[in-house]
Amino acid sequence: MASVSQWIEGARPRTLPNAIAPVFAGTGAAASLDGAVWWKALLALVVSLALIVGVNFANDYSDGIRGTDDERVGPLRLVGSGLASPGAVKGAAMGCFAVAAVAGIALALVSAWWLILIGAVCILGAWFYTGGKKPYGYSGFGEIAVFVFFGLVAVLGTEFVQAERVDWAGLLAAIAVGSYSSAVLVANNLRDIPTDTESGKITLAVKLGDARTRTLHLVLLVVPFVVTLALVARTPWALVGLIALPLAIKANAPVRTGGRGPALIPALAVTGMSMLVWATATGLALGLG
(Lines give C-alpha, C1' and ligand atoms only; values in the text may rest on other atoms or scores of the structure.)
Protein backbone atom coordinates (compact mmCIF):
# COMPACT_ATOMS: atom_id res chain seq x y z
CA MET A 1 0.00 0.00 0.00
CA ALA A 2 1.32 3.43 -0.95
CA SER A 3 2.23 5.82 1.84
CA VAL A 4 0.98 9.40 2.07
CA SER A 5 4.30 10.70 0.74
CA GLN A 6 4.09 8.29 -2.21
CA TRP A 7 0.56 9.43 -3.00
CA ILE A 8 1.81 13.03 -2.95
CA GLU A 9 4.67 12.08 -5.27
CA GLY A 10 2.19 10.24 -7.49
CA ALA A 11 0.17 13.46 -7.78
CA ARG A 12 3.27 14.93 -9.50
CA PRO A 13 3.66 18.15 -7.50
CA ARG A 14 6.25 19.43 -9.96
CA THR A 15 3.40 19.96 -12.44
CA LEU A 16 1.50 22.32 -10.12
CA PRO A 17 2.99 25.47 -11.71
CA ASN A 18 1.00 24.48 -14.81
CA ALA A 19 -2.15 25.02 -12.74
CA ILE A 20 -1.09 28.03 -10.68
CA ALA A 21 0.50 30.11 -13.45
CA PRO A 22 -2.63 30.52 -15.62
CA VAL A 23 -4.67 31.75 -12.64
CA PHE A 24 -2.02 34.32 -11.73
CA ALA A 25 -1.76 35.52 -15.34
CA GLY A 26 -5.54 35.58 -15.84
CA THR A 27 -6.11 37.45 -12.60
CA GLY A 28 -3.51 40.03 -13.64
CA ALA A 29 -5.29 40.45 -16.96
CA ALA A 30 -8.61 40.89 -15.11
CA ALA A 31 -7.01 43.44 -12.78
CA SER A 32 -5.79 45.43 -15.77
CA LEU A 33 -9.48 45.77 -16.68
CA ASP A 34 -10.33 46.76 -13.09
CA GLY A 35 -12.17 43.48 -12.68
CA ALA A 36 -10.15 41.35 -10.24
CA VAL A 37 -12.27 39.51 -7.66
CA TRP A 38 -10.20 37.60 -5.11
CA TRP A 39 -12.70 34.87 -4.24
CA LYS A 40 -13.36 34.11 -7.89
CA ALA A 41 -9.61 33.88 -8.46
CA LEU A 42 -9.41 31.47 -5.53
CA LEU A 43 -12.19 29.29 -6.96
CA ALA A 44 -10.47 29.32 -10.35
CA LEU A 45 -7.29 28.15 -8.62
CA VAL A 46 -9.19 25.27 -6.99
CA VAL A 47 -10.53 24.24 -10.40
CA SER A 48 -7.11 24.39 -12.01
CA LEU A 49 -5.29 22.53 -9.22
CA ALA A 50 -7.94 19.82 -8.98
CA LEU A 51 -7.87 19.31 -12.74
CA ILE A 52 -4.12 18.92 -12.99
CA VAL A 53 -3.89 16.53 -10.06
CA GLY A 54 -6.84 14.65 -11.51
CA VAL A 55 -5.25 14.33 -14.92
CA ASN A 56 -2.00 13.20 -13.29
CA PHE A 57 -3.77 10.39 -11.43
CA ALA A 58 -5.80 9.54 -14.55
CA ASN A 59 -2.59 9.26 -16.58
CA ASP A 60 -1.02 7.13 -13.86
CA TYR A 61 -4.03 4.81 -13.98
CA SER A 62 -4.33 4.58 -17.76
CA ASP A 63 -0.61 4.26 -18.47
CA GLY A 64 -0.28 1.78 -15.63
CA ILE A 65 -2.93 -0.64 -16.85
CA ARG A 66 -1.53 -0.44 -20.38
CA GLY A 67 1.98 -1.23 -19.19
CA THR A 68 3.39 2.05 -20.51
CA ASP A 69 4.91 2.81 -17.08
CA ASP A 70 6.57 -0.59 -16.60
CA GLU A 71 9.99 0.87 -17.43
CA ARG A 72 9.94 4.39 -16.00
CA VAL A 73 12.80 6.87 -16.23
CA GLY A 74 11.02 9.70 -14.47
CA PRO A 75 9.27 10.12 -11.09
CA LEU A 76 7.21 7.51 -9.27
CA ARG A 77 4.07 6.06 -10.84
CA LEU A 78 1.66 4.45 -8.42
CA VAL A 79 0.06 1.80 -10.65
CA GLY A 80 3.16 1.02 -12.70
CA SER A 81 5.22 0.50 -9.54
CA GLY A 82 2.53 -1.66 -7.91
CA LEU A 83 2.29 0.63 -4.89
CA ALA A 84 -1.41 1.34 -5.40
CA SER A 85 -4.21 -0.55 -7.10
CA PRO A 86 -5.59 0.74 -10.40
CA GLY A 87 -8.99 1.17 -8.77
CA ALA A 88 -7.59 3.35 -5.99
CA VAL A 89 -5.74 5.61 -8.41
CA LYS A 90 -8.76 5.86 -10.69
CA GLY A 91 -10.88 6.78 -7.66
CA ALA A 92 -8.40 9.52 -6.73
CA ALA A 93 -8.64 10.92 -10.25
CA MET A 94 -12.44 10.91 -10.18
CA GLY A 95 -12.41 12.60 -6.77
CA CYS A 96 -10.21 15.40 -8.09
CA PHE A 97 -12.45 15.85 -11.13
CA ALA A 98 -15.46 16.08 -8.81
CA VAL A 99 -13.79 18.86 -6.80
CA ALA A 100 -12.99 20.71 -10.04
CA ALA A 101 -16.59 20.29 -11.20
CA VAL A 102 -18.10 21.66 -7.96
CA ALA A 103 -15.83 24.70 -7.94
CA GLY A 104 -16.36 25.23 -11.65
CA ILE A 105 -20.15 25.08 -11.36
CA ALA A 106 -20.00 27.63 -8.55
CA LEU A 107 -18.05 29.99 -10.82
CA ALA A 108 -20.43 29.38 -13.73
CA LEU A 109 -23.47 30.20 -11.60
CA VAL A 110 -22.09 33.66 -10.83
CA SER A 111 -20.76 34.39 -14.33
CA ALA A 112 -22.03 32.44 -17.36
CA TRP A 113 -23.87 29.11 -17.49
CA TRP A 114 -22.04 27.96 -20.64
CA LEU A 115 -18.84 27.71 -18.62
CA ILE A 116 -20.27 24.42 -17.31
CA LEU A 117 -20.00 23.04 -20.85
CA ILE A 118 -16.40 24.18 -21.14
CA GLY A 119 -15.64 22.60 -17.77
CA ALA A 120 -17.16 19.31 -18.93
CA VAL A 121 -14.97 19.39 -22.03
CA CYS A 122 -11.91 20.02 -19.84
CA ILE A 123 -12.68 17.01 -17.66
CA LEU A 124 -13.28 14.79 -20.69
CA GLY A 125 -10.05 16.08 -22.21
CA ALA A 126 -8.20 15.23 -18.99
CA TRP A 127 -9.54 11.68 -18.95
CA PHE A 128 -9.11 10.83 -22.62
CA TYR A 129 -5.56 12.18 -22.78
CA THR A 130 -4.38 8.67 -21.94
CA GLY A 131 -7.74 7.02 -21.18
CA GLY A 132 -10.22 5.24 -23.40
CA LYS A 133 -9.62 3.03 -26.42
CA LYS A 134 -7.95 5.73 -28.52
CA PRO A 135 -6.25 8.23 -26.18
CA TYR A 136 -5.19 11.35 -28.05
CA GLY A 137 -2.02 11.61 -25.96
CA TYR A 138 -0.86 8.44 -27.73
CA SER A 139 -1.36 10.10 -31.12
CA GLY A 140 0.77 13.22 -30.71
CA PHE A 141 -1.91 15.70 -29.61
CA GLY A 142 -0.88 16.10 -25.97
CA GLU A 143 0.99 19.39 -26.42
CA ILE A 144 -1.93 20.93 -28.30
CA ALA A 145 -4.32 19.89 -25.54
CA VAL A 146 -2.06 21.32 -22.83
CA PHE A 147 -1.75 24.59 -24.77
CA VAL A 148 -5.53 24.84 -25.09
CA PHE A 149 -6.63 23.68 -21.62
CA PHE A 150 -3.85 25.05 -19.38
CA GLY A 151 -3.13 28.03 -21.58
CA LEU A 152 -6.05 29.49 -23.49
CA VAL A 153 -8.94 28.10 -21.45
CA ALA A 154 -7.34 28.50 -18.00
CA VAL A 155 -6.02 32.04 -18.47
CA LEU A 156 -8.94 33.45 -20.43
CA GLY A 157 -11.42 31.62 -18.22
CA THR A 158 -9.84 33.14 -15.11
CA GLU A 159 -9.95 36.59 -16.69
CA PHE A 160 -13.54 36.19 -17.85
CA VAL A 161 -15.08 35.00 -14.57
CA GLN A 162 -13.62 38.05 -12.84
CA ALA A 163 -13.77 40.86 -15.42
CA GLU A 164 -16.74 39.39 -17.37
CA ARG A 165 -14.79 39.84 -20.61
CA VAL A 166 -11.46 39.00 -22.17
CA ASP A 167 -9.05 41.22 -24.08
CA TRP A 168 -5.92 41.09 -26.20
CA ALA A 169 -3.59 41.28 -23.16
CA GLY A 170 -5.30 38.25 -21.64
CA LEU A 171 -5.03 36.40 -24.94
CA LEU A 172 -1.31 37.10 -25.21
CA ALA A 173 -0.79 35.98 -21.61
CA ALA A 174 -2.75 32.80 -22.40
CA ILE A 175 -0.51 32.09 -25.40
CA ALA A 176 2.59 32.58 -23.24
CA VAL A 177 1.37 30.31 -20.43
CA GLY A 178 0.18 27.72 -22.95
CA SER A 179 3.62 27.71 -24.58
CA TYR A 180 5.27 27.22 -21.21
CA SER A 181 2.92 24.35 -20.31
CA SER A 182 3.55 22.70 -23.65
CA ALA A 183 7.29 23.08 -23.09
CA VAL A 184 7.00 21.13 -19.83
CA LEU A 185 5.30 18.27 -21.67
CA VAL A 186 7.80 18.45 -24.54
CA ALA A 187 10.68 18.02 -22.07
CA ASN A 188 8.87 15.10 -20.45
CA ASN A 189 8.17 13.39 -23.76
CA LEU A 190 11.70 14.03 -25.04
CA ARG A 191 13.00 12.13 -22.04
CA ASP A 192 10.57 9.27 -22.71
CA ILE A 193 11.12 8.85 -26.47
CA PRO A 194 12.85 5.44 -26.11
CA THR A 195 10.31 3.90 -23.71
CA ASP A 196 7.29 5.48 -25.42
CA THR A 197 8.45 4.17 -28.81
CA GLU A 198 8.85 0.69 -27.38
CA SER A 199 5.41 0.72 -25.73
CA GLY A 200 3.61 2.18 -28.77
CA LYS A 201 2.88 5.57 -27.23
CA ILE A 202 3.29 7.86 -30.25
CA THR A 203 3.77 11.26 -28.68
CA LEU A 204 4.65 14.39 -30.63
CA ALA A 205 8.27 13.87 -29.53
CA VAL A 206 8.25 10.38 -31.02
CA LYS A 207 6.83 11.78 -34.27
CA LEU A 208 9.28 14.68 -34.48
CA GLY A 209 12.33 12.78 -33.34
CA ASP A 210 15.01 13.83 -30.87
CA ALA A 211 16.56 16.81 -32.69
CA ARG A 212 13.36 18.57 -33.72
CA THR A 213 11.81 18.03 -30.28
CA ARG A 214 14.77 19.84 -28.71
CA THR A 215 14.24 22.73 -31.15
CA LEU A 216 10.53 22.84 -30.27
CA HIS A 217 11.34 23.16 -26.57
CA LEU A 218 13.50 26.20 -27.30
CA VAL A 219 10.87 27.83 -29.51
CA LEU A 220 8.17 27.37 -26.88
CA LEU A 221 10.39 29.01 -24.25
CA VAL A 222 11.04 32.00 -26.52
CA VAL A 223 7.33 32.75 -27.02
CA PRO A 224 6.63 34.12 -23.49
CA PHE A 225 9.38 36.70 -23.83
CA VAL A 226 8.09 37.85 -27.21
CA VAL A 227 4.74 38.24 -25.43
CA THR A 228 6.47 40.25 -22.69
CA LEU A 229 7.66 42.77 -25.27
CA ALA A 230 4.20 42.95 -26.85
CA LEU A 231 2.55 43.56 -23.46
CA VAL A 232 4.58 46.76 -23.08
CA ALA A 233 1.79 48.29 -25.21
CA ARG A 234 -0.49 47.74 -22.19
CA THR A 235 2.03 48.74 -19.51
CA PRO A 236 5.81 49.24 -19.43
CA TRP A 237 5.74 47.25 -16.19
CA ALA A 238 5.32 44.17 -18.37
CA LEU A 239 9.10 44.14 -18.85
CA VAL A 240 9.37 42.72 -15.34
CA GLY A 241 8.43 39.41 -16.97
CA LEU A 242 12.00 39.23 -18.26
CA ILE A 243 12.99 38.24 -14.73
CA ALA A 244 12.05 34.68 -15.74
CA LEU A 245 14.52 34.63 -18.65
CA PRO A 246 17.51 33.21 -16.69
CA LEU A 247 15.32 30.33 -15.50
CA ALA A 248 14.13 29.67 -19.05
CA ILE A 249 17.74 29.52 -20.24
CA LYS A 250 18.56 27.13 -17.38
CA ALA A 251 15.51 24.99 -18.20
CA ASN A 252 16.60 24.63 -21.81
CA ALA A 253 20.23 23.85 -20.95
CA PRO A 254 19.94 20.05 -20.57
CA VAL A 255 17.78 19.95 -23.70
CA ARG A 256 20.18 22.15 -25.66
CA THR A 257 23.28 20.23 -24.58
CA GLY A 258 21.94 16.81 -25.55
CA GLY A 259 20.88 15.48 -22.15
CA ARG A 260 19.02 12.17 -22.14
CA GLY A 261 16.98 10.12 -19.70
CA PRO A 262 17.33 11.26 -16.07
CA ALA A 263 19.50 14.21 -17.17
CA LEU A 264 16.35 15.78 -18.64
CA ILE A 265 14.30 15.60 -15.43
CA PRO A 266 15.54 19.03 -14.19
CA ALA A 267 14.31 20.58 -17.44
CA LEU A 268 10.71 19.80 -16.42
CA ALA A 269 11.00 21.35 -12.96
CA VAL A 270 12.89 24.45 -14.07
CA THR A 271 10.58 25.04 -17.05
CA GLY A 272 7.65 24.99 -14.61
CA MET A 273 9.48 27.32 -12.24
CA SER A 274 10.21 29.76 -15.05
CA MET A 275 6.53 29.67 -16.03
CA LEU A 276 5.40 30.43 -12.49
CA VAL A 277 7.87 33.32 -12.13
CA TRP A 278 6.83 34.74 -15.51
CA ALA A 279 3.10 34.48 -14.75
CA THR A 280 3.47 35.97 -11.27
CA ALA A 281 5.61 38.88 -12.47
CA THR A 282 3.45 39.53 -15.53
CA GLY A 283 0.20 39.23 -13.55
CA LEU A 284 1.43 41.78 -11.04
CA ALA A 285 2.64 44.06 -13.85
CA LEU A 286 -0.71 43.97 -15.60
CA GLY A 287 -2.48 44.66 -12.32
CA LEU A 288 -0.25 47.64 -11.60
CA GLY A 289 -0.57 48.90 -15.13
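Since the structure is predicted, the reported quantities are computational estimates derived from the model, not experimental observations.

Asks: Tell me what's going on with the overall build of the chain, and back it up with residues and numbers.
Replies: The number of helices and strands found in the chain is 13 helices and zero strands. Its helices and strands in sequence order give the chain the pattern α-α-α-α-α-α-α-α-α-α-α-α-α, from N to C terminus. Overall, the C-alpha framework of the chain stretches about 50 × 45 × 30 Å when taken along its three principal axes. Split into buried and exposed, the 289 residues of the chain put 52% on the buried side. For the chain, contacts bridging at least 24 residues in sequence account for 76% of all contacts bridging at least 6. When the accessible surface of the chain is split by element, carbon and sulfur atoms take 73% of a total near 12300 Å². When the 19 positive and 15 negative side-chain charges of the chain are each reduced to one mean point, those points stand 3 Å apart.

Asks: Now, about the packing of helix 5 (residues 86-109) against helix 6 (residues 115-127): what can you tell me, with residues and values included?
Replies: Angle between the axes and distance between the axes: these two values describe a pair of packed helices. For the pair helix 5 and helix 6, the least separation of the axes is 9 Å and the interaxial angle reads 165°. Between helix 5 and helix 6, the angle is such that the two are roughly antiparallel. Of the two possible hands of crossing, helix 5 and helix 6 adopt the one that is right-handed. Touching Lys90, Met94, Phe97, Ala101, Ile105 and Ala108 of helix 5 are Leu115, Ile116, Ile123, Ala126 and Trp127, all from helix 6. Each residue belonging to the contact of helix 5 with helix 6 can be placed in one class, and the counts come to ten nonpolar, no polar and one charged.

Asks: Lay out the packing of aromatic side chains in plain terms, naming residues and giving numbers.
Replies: Each aromatic ring pair is described using two quantities: the centre-to-centre distance and the angle formed by the ring planes. Under the criterion given, the structure shown has six aromatic pairs. For the pair Trp7 and Phe57, a centre-to-centre distance of 5.6 Å together with 70° between the ring planes defines the contact as edge-to-face. With a gap of 50 residues between them, Trp7 in helix 1 (residues 4-10) and Phe57 in helix 3 (residues 38-66) connect regions that are remote in the sequence. For Phe57, a relative accessible area of 6% corresponds to the buried category. When the centroid spacing of 5.2 Å and the interplanar angle of 45° are considered together, the rings of Trp114 and Phe160 count as tilted. With a gap of 46 residues between them, Trp114 in the loop between helix 5 and helix 6 and Phe160 in helix 7 (residues 142-163) connect regions that are remote in the sequence. The class of Trp114 is partly exposed, set by a relative accessible area of 36%. Accessibility expressed as a relative area gives 18% for Phe160, which makes it buried. By way of ring pairs, the aromatic residues Tyr180, Phe225 and Trp278 are connected into one cluster.

Asks: Before we move on, can you summarise a nonpolar patch on the surface with the specific residues and values?
Replies: Taken together, the side chains of Trp38, Trp39, Leu42, Ile105, Leu109, Val110 and Ile116 make up a nonpolar region of the molecular surface, amounting to roughly 740 Å² of accessible area. In terms of residue count, the dominant contributor to the nonpolar patch is helix 3 (three residues). Take Ile105: it is sitting in helix 5. Its relative accessible area of 39% is what places Ile105 among the partly exposed residues.

Asks: Just give me the short version of the nonpolar core, but keep the residues and values in it.
Replies: Residues Phe57, Leu78, Val89 and Phe97 are the most contacted members of the largest nonpolar core, which totals 36 residues. Mapped onto this core, the elements with two or more residues apiece are helix 2 (17-32), helix 3, helix 4 (78-81), helix 5, helix 6 and helix 7. When residues of this core are assigned to their parent elements, the largest contribution, eleven residues, is made by helix 3. When sequence neighbours within four positions are dropped, the list of residues in contact with Phe97 reads Leu51, Gly54, Val55, Ala58, Ile123, Ala126 and Trp127. Residues Ala21, Ala25, Leu156 and Val227 belong to the second largest nonpolar core, which totals 28 residues.

Asks: Let's hear about helix 7: which residues, and what values?
Replies: The end-to-end C-alpha distance of helix 7 is 30 Å, a good match for the 32 Å that 22 residues give at a rise of 1.5 Å each. Maximum bend of helix 7: about 30°, positioned at Val153. Positive backbone phi, approximately 65°, marks Glu164, located one or two places after helix 7.

Calculation criteria
All residue numbers here refer to positions counted from 1 along the written sequence of the relevant chain. Local features are withheld for residues below a pLDDT of 70 in this predicted model, meaning they are given only at 70 or higher, and side-chain atom pairs are given and counted only at 80 or more; totals for whole chains, interfaces and linings count all residues. Remark: hydrogens and water are excluded; side-chain values derive from all non-hydrogen atoms of the structure. In DSSP terms, a helix is any run of H or I states spanning at least four residues, a strand is any run of E spanning at least two, and both are numbered starting from the N terminus. Buried residues are those whose accessible area, probed at 1.4 Å on protein chains only, stays under 20% of the maximum for their type, while exposed residues exceed 50% and partly exposed ones sit between those limits. By the convention used here, residues are in contact when the closest approach between their heavy atoms is within 4.5 Å. Under the convention used here, a 1.4 Å probe and the Shrake-Rupley method define accessible areas, while residue burial counts only the protein chains that appear. Only four residue types enter the tally: Lys and Arg on the positive side, Asp and Glu on the negative side; His and the chain ends are excluded. Charge placement uses NZ in Lys and CZ in Arg. For Asp and Glu, CG and CD serve respectively. An axis is simply a line fitted to the C-alpha atoms; with a helix, the fit covers only the stretch in contact. Between two such axes, the angle follows the N-to-C directions and lies from 0 to 180 degrees. Angular relationships are summarised with four words: roughly parallel below 35 degrees, roughly antiparallel beyond 145, roughly perpendicular across 65 to 115, and oblique for the angles in between. For any pair of crossing helices, the crossing counts as left-handed if the nearer helix is rotated counterclockwise from the farther one by less than a right angle, and right-handed if it is rotated clockwise. Each residue gets one of three labels, nonpolar for Ala, Val, Leu, Ile, Met, Phe, Trp, Tyr, Cys and Pro, charged for Asp, Glu, Lys and Arg, and polar for the others, Gly among them. Each Phe, Tyr or Trp ring, with Trp reduced to its six-membered ring, pairs with another whose centre is within 6.5 Å; inter-plane angles below 30 degrees give stacked pairs, above 60 give edge-to-face pairs, and intermediate values give tilted ones. The residues that make up patches have over 30% relative accessible area and no salt bridge, and they are joined within 9 Å when like-charged or within 5 Å when they are Val, Leu, Ile, Met, Phe, Trp or Tyr. Salt bridge, as used here, is a side-chain nitrogen of Lys or Arg placed within 4 Å of a carboxyl oxygen of Asp or Glu. Only buried residues count toward a nonpolar core. Its members are Ala, Val, Leu, Ile, Met, Phe, Trp, Tyr and Cys residues joined through side-chain atoms within 4.5 Å. Expected span of a helix, by definition, is 1.5 Å for each gap between consecutive residues, and there is one gap fewer than residues. One fitted axis covers the seven residues ending at a residue, a second covers the seven starting there, and the bend at that residue is the angle between these axes.

Treat this as a map of the structure, not an account of what it does.
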